[in-house]
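# Inside the fold
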Amino acid sequence: MLFMANTGLRPDEVKLLEFRDVQVVDDEATNERILEIEVRGKRGVGYCKSMPGAVRPFERLLARRRPTEAQAAGDGAESVPAEAPKATDKLFPNEFKKMFNGILSDNNLKFDRNGKARTAYSLRHSYICFRLLEGADIYQVAKNCRTSVEMIEKHYAAHLKDMIDTSLVNVRRTKPKKGDGSGSRSDM
């Protein structure tokens, strides 16, 4: 959940993610450690830069030992130690949606205050809302999430209303005062 809420990835993108698709980097712009992710999804390959909060969950996944193929097949190889993940291993080899739904149900969070069910996609929604509420540029958020500004405006408009700067919207041209000579061509 932390990984998804700090990357904005779609559930289907997360399902396809392999260790070789993710790099921990020092971001020059923010001086923080983030993930650079090569995302394979419905629109081909795209790129994502995570929030710093995604680094530690990724490092925990990277450090987690995994059963060998013989252990997974049940070939009596229990004495063989689990191995580190390979570059081509999936980050999330199991069905994470069932686990996510179980956590929501166990904590009475499956439905929001309007009775709408929360899903794994809700984590993407949270990522986008958090970024916008923190003042991120909507175009940059759209680009990082491999979507359009229009799609964000359509689905997150309720969250954007507080971000509208009235001083930039309610701009009025100053009208020339009568008799000051400005705006009149008779002086020429």
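Residues numbered from 1 in each chain as written. Predicted model: local features only at pLDDT ≥ 70, side-chain atom pairs only at ≥ 80, totals over all residues. Heavy atoms only, no water.

Three or more residues of helix 5 (residues 96-106) are buried, namely Phe-96, Phe-100 and Leu-104. One side of helix 5 holds all its buried residues, which, seen down the axis, span an arc of 75°. In helix 5, the exposed positions that point more than 90 degrees away from the buried face belong to Lys-98 and Asp-106. Just downstream of helix 5, Asn-108 is the residue with a positive phi angle, here 55°. (Buried < 20%, exposed > 50% of the residue type's maximum accessible area, 1.4 Å probe, protein only. Helix = DSSP H or I, 4+ residues; strand = E, 2+ residues; numbered from the N terminus. Arc of directions from axis to C-beta.)

Of all the residues in helix 3 (residues 55-63), the buried ones are Val-55, Pro-57, Phe-58 and Leu-61. The buried side chains of helix 3 occupy one side of the element, clustering within an arc of 165° when seen end-on. Summarising the contacts, the buried residues of helix 3 are in contact with helix 1 (2-5), strand 1 (22-27) and strand 2 (32-41). (Contact = heavy atoms within 4.5 Å.)

Below, the discussion takes up the sheet that holds strand 2. Overall, antiparallel pairing links the 3 strands, which are arranged 1-2-3 in an open sheet. A strand with exactly one partner marks an edge of an open sheet, and here the two such strands are strand 1 and strand 3 (44-49). The mean inter-strand angle of the sheet, taken between neighbouring strand axes irrespective of direction, is 25°. Contacts between helix 3 and the sheet are confined to strand 1 and strand 2, with strand 2 contributing the most and set at about 70° to the helix. (Pairing = 2+ DSSP bridges. Axes fitted to C-alpha atoms, helices over the stretch in contact; angles between N-to-C directions.)

Glycine aside, a negative phi is what most residues show, and trans is what most peptide bonds show. In this structure, Asn-31 is a non-glycine residue whose phi angle is positive, near 60°. Its place among the elements puts Asn-31 in the loop between strand 1 and strand 2. Positive phi outside glycine occurs at Asn-108, with the angle close to 55°. With respect to the helices, strands and loops of the structure, Asn-108 is situated in the loop between helix 5 and helix 6 (121-133).

In this section: the layout of surface pockets. As a volume, the largest pocket reaches approximately 980 Å³. For the largest pocket, the lining is made up of 32 residues, of which Lys-116, Tyr-121, Ser-122, His-125 and Tyr-156 are closest to its centre. At the level of elements, helix 5, helix 6 and helix 8 (149-160) are the ones that each hand at least two residues to the lining of the largest pocket. A class-by-class count of the residues in the lining of the largest pocket yields 14 nonpolar, 9 polar and 9 charged. (1 Å grid on protein atoms, 1.4 Å probe; cavity = no way out; pocket = protein on both sides within 12 Å on 5 of 7 lines; lining within 4 Å. Points joined across faces, edges and corners; volume = space filled by probe spheres on them. Nonpolar A, V, L, I, M, F, W, Y, C, P; charged D, E, K, R; others polar.)

Turning our eyes to something else, we now look at the packing of aromatic side chains. This model, assessed by the stated rule, comprises 3 aromatic pairs. In textbook terms, an aromatic cluster arises when at least three aromatic residues are bridged by ring pairs, as seen for Phe-3, Phe-92 and Phe-96. One cation-aromatic arrangement involves Arg-131 over Tyr-127; the distance from NZ or CZ to the ring centre is 5.7 Å. (Phe/Tyr/Trp six-rings, centres within 6.5 Å; stacked < 30°, edge-to-face > 60°. Lys NZ or Arg CZ within 6 Å of the ring centre and 35° of its normal.)

Turning to the pattern of salt bridges, a few remarks are in order. Tallying each qualifying case throughout the model produces 10 salt bridges. Where Glu-13 meets Arg-146, a salt bridge forms, and the shortest distance between an N and an O atom there is 2.9 Å. In this pair, Glu-13 is assigned in helix 2 (residues 11-16) and Arg-146 in the loop between helix 7 (138-144) and helix 8, connecting sequence segments 133 residues apart. Taken as a pair, Glu-13 and Arg-146 share a single burial class, namely buried. Residues Glu-36 and Lys-49 are paired through a salt bridge, measuring 3.8 Å at the closest nitrogen-oxygen approach. Taken together, the residues Glu-36 in strand 2 and Lys-49 in strand 3 connect sequence positions 13 residues apart. Salt bridges sharing partners connect three or more residues here, namely Arg-10, Glu-13 and Arg-146. (Salt bridge = Lys/Arg side-chain N within 4 Å of Asp/Glu carboxyl O.)

In this structure the tally under the stated criterion is 0 disulfides. Here Cys-48 stays unpaired: no disulfide links it, and the sulfur of Cys-145, its closest cysteine neighbor, is 6.6 Å away. Given the relative accessible area of 1%, Cys-48 is considered buried. Take Cys-145: its relative accessible area is 0%, and that puts it in the buried class. (Disulfide = S-S within 2.5 Å.)

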